[in-house]
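This is what each chain is made of:
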Amino acid sequence: MRAKTTDSYAELAPVFVGREQEIKRFEQYYQDFLKHYPHNSIHVINYYGIGGIGKTSLLNHLQDTLIERGNKYYLIDLKNNTNPAEILKIASISLAKAYNFEFPKFDLALLAYMRRTLTPVNHTEIESFIGGSKLLNLLFDASSFIPDVNLALATSIIKLADSTIAYVRNIFGSDPAAAVKKIDNLSTEEILRRLPAFFAADMRENIKKIDDPFFFLIDTFENLVDEAETKGHSAYYDNWLRGDDGLIQNMPNCLWVIAGRESLKWEQEDNNWHRAISAYKLLNFTQEETIALLNAQNISDDEIKNNIYRITDGTPFYVNACVRRFYNLLDRGEAITVDKFGANKDELMERYARDYDLQTKQIIYVLSFIQPFTEAIAEKIMPTIIPDYSRERLKKL
């Protein structure tokens, strides 16, 4: 969990406190991963626990660690987007900017998919996508590219300049047009299913060129589950990650860290995942960790600190609510006493809600009764209970 270090809550700077065991486990896998690089084995570290337990804060800390060590990494946050095609498109663009990675095979497959699925066909978006890809820029004229779903990509290939033939042939072999035709011959569903494999193939080449291991962090994994349950395809919601054509199985020399509310159940589909996943449940903070966090938040009164641990049981979400409550009282110039936090979690949330407007209070009260809480469940319940419900308020909260 991230602690704060100034007097006003709005200005508190993040400081990571606790989670020594979880960090130690990551460090063990990190060192082993580097020691045996390169290799073809697959390994996933899975941190899981209830909402508000500190999974995102832990991943943020691991991300900071990778940055400090100069490791190459990419963070996928599934909080606001669970569409594989969009996620991979954003990832390819971000990795190209950050590390000069190239994704020629993926770009070509995604162009074919976009051409067939954009409704209405957005010429500007396609032209921008072609312009941002080295390979597509060589194969197609973005300004004259016809986004007609009935036309094969191969018919739009322009004559390659002598200076670019070697680059294109290095990717697709002696007959680039034949490679493009293979994608043309795939159904839209097949292209979508194989997009992760195309992405992974390009990543393998990128990793080979940099001769350096790569780290993937995935946060809010439960959103994949929530959406799958809503749409009725829970058995396939994460195939783009774990499946035979998925990212993980097709990208050796990568260490994966996935955080979600429940442990990964992939071994139920394929027993081989049992040996590849190391799952760790995030528990509440100990009293010592809670006190250390509150000290880092500049809360010095021992009675208040001990009372906060007593009513929260060290659950990071509730501890953070206490910190917010503390600074709201401080900003208003009110006396900060033990009774201002309540005698239990319910009373704490009631007092915590006092500091917000009516609709936010209502959201807090409803959330306190949803166990377990997921955004999908909240989205179903909130509009039926709260007039003028705002999804943005929930996300901000």
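As a reminder, the structure under discussion sits directly above these lines.
Presented here is a report on the structure given in the accompanying data block. Since the structure is predicted, the reported quantities are computational estimates derived from the model, not experimental observations.

Let us look at the nonpolar core. Soluble globular proteins: nonpolar side chains tend toward being buried together. Grouped together as the largest cluster of nonpolar side chains are 63 residues, with contacts concentrated most on Leu 108, Phe 199 and Met 203. Per-element accounting of this core gives the leading share, eight residues, to helix α4 (residues 104–117). Beyond its immediate chain neighbours, meaning those up to four positions away, Met 203 contacts Leu 95, Phe 101, Phe 103, Phe 214, Phe 216 and Met 251.

Take the pairing of strand β3 (residues 43–48) next. Taking burial as the measure, the six residues of β3 include five buried ones, the bulk of the element. Note: β3 against strand β6 (residues 254–260), six bridges, orientation parallel. When the sheet's bridge partners are listed, Val 44 is paired in β6 with Trp 256. Strand direction decides the pairing type here: β3 and strand β7 (residues 277–281), joined by five bridges, are parallel. Within β7, the residue paired with Val 44 across the bridge is Ile 277.

Next up on the list: helix α9 (residues 188–210). With 23 residues, α9 should reach 33 Å at 1.5 Å per residue; the first-to-last C-alpha distance of 33 Å fits that figure. Of all the bends found along α9, the most pronounced is centred on Arg 194 and spans about 45°, while Pro 196, a proline, follows it within four residues. Along α9, the residues classified as buried are Ile 191, Leu 195, Pro 196, Ala 197, Phe 198, Phe 199, Ala 200, Ala 201, Asp 202, Met 203, Asn 206 and Ile 207. The elements touched by buried residues of α9 are α3 (84–99), α4, α8 (176–184), β5 (214–219), α11 (239–242) and β6. One or two positions beyond α9, positive phi appears at Asp 211, with a value near 50°.

One open sheet accounts for five strands, arranged β4-β5-β6-β3-β7; its pairing is parallel. What marks the edges here is a single partner per strand, and that holds for β4 (72–77) and β7. For this sheet, the mean angle separating the axes of adjacent strands, direction not counted, is 15°. Of the strand pairs in this sheet, β4 and β5 are connected by six bridges, and their pairing is parallel. Its bridge partner lying in β5, Asp 77 is registered against Asp 219. Helix α2 (residues 55–68) contacts β3, β4, β5 and β6 of the sheet and is inclined by roughly 160° relative to β5.

What counts and how
- Starting from 1, residues in each chain are numbered consecutively following that chain's sequence as written.
- Per-residue local features of the predicted model are confined to residues with pLDDT of at least 70, and side-chain atom pairs are confined, for both listing and counting, to 80 or more; whole-chain, interface and lining totals are unaffected and use all residues.
- Hydrogens and waters are ignored; side-chain quantities use all the structure's heavy atoms.
- Only buried residues count toward a nonpolar core, which is a set of Ala, Val, Leu, Ile, Met, Phe, Trp, Tyr and Cys residues joined through side-chain atoms within 4.5 Å.
- Each residue's exposure class comes from its accessible area (1.4 Å probe, protein chains only) as a fraction of the maximum for that residue type: buried when under 20%, exposed when over 50%, partly exposed otherwise.
- Note on conventions: DSSP H or I runs of at least 4 residues are helices, E runs of at least 2 residues are strands, and numbering of each starts at the N terminus.
- Here, residues are in contact when the closest pair of their heavy atoms is within 4.5 Å.
- Two strands qualify as a pair provided that DSSP identifies no fewer than 2 bridges between them.
- Helix span, as expected, comes to 1.5 Å for every residue beyond the first.
- Consider a residue and the seven residues that end there alongside the seven that start there; fitting an axis to each set, the bend is the angle between those axes.
- The axes are straight lines fitted to the C-alpha atoms, using for helices just the contacting stretch, and the angles between their N-to-C directions are given from 0 to 180°.

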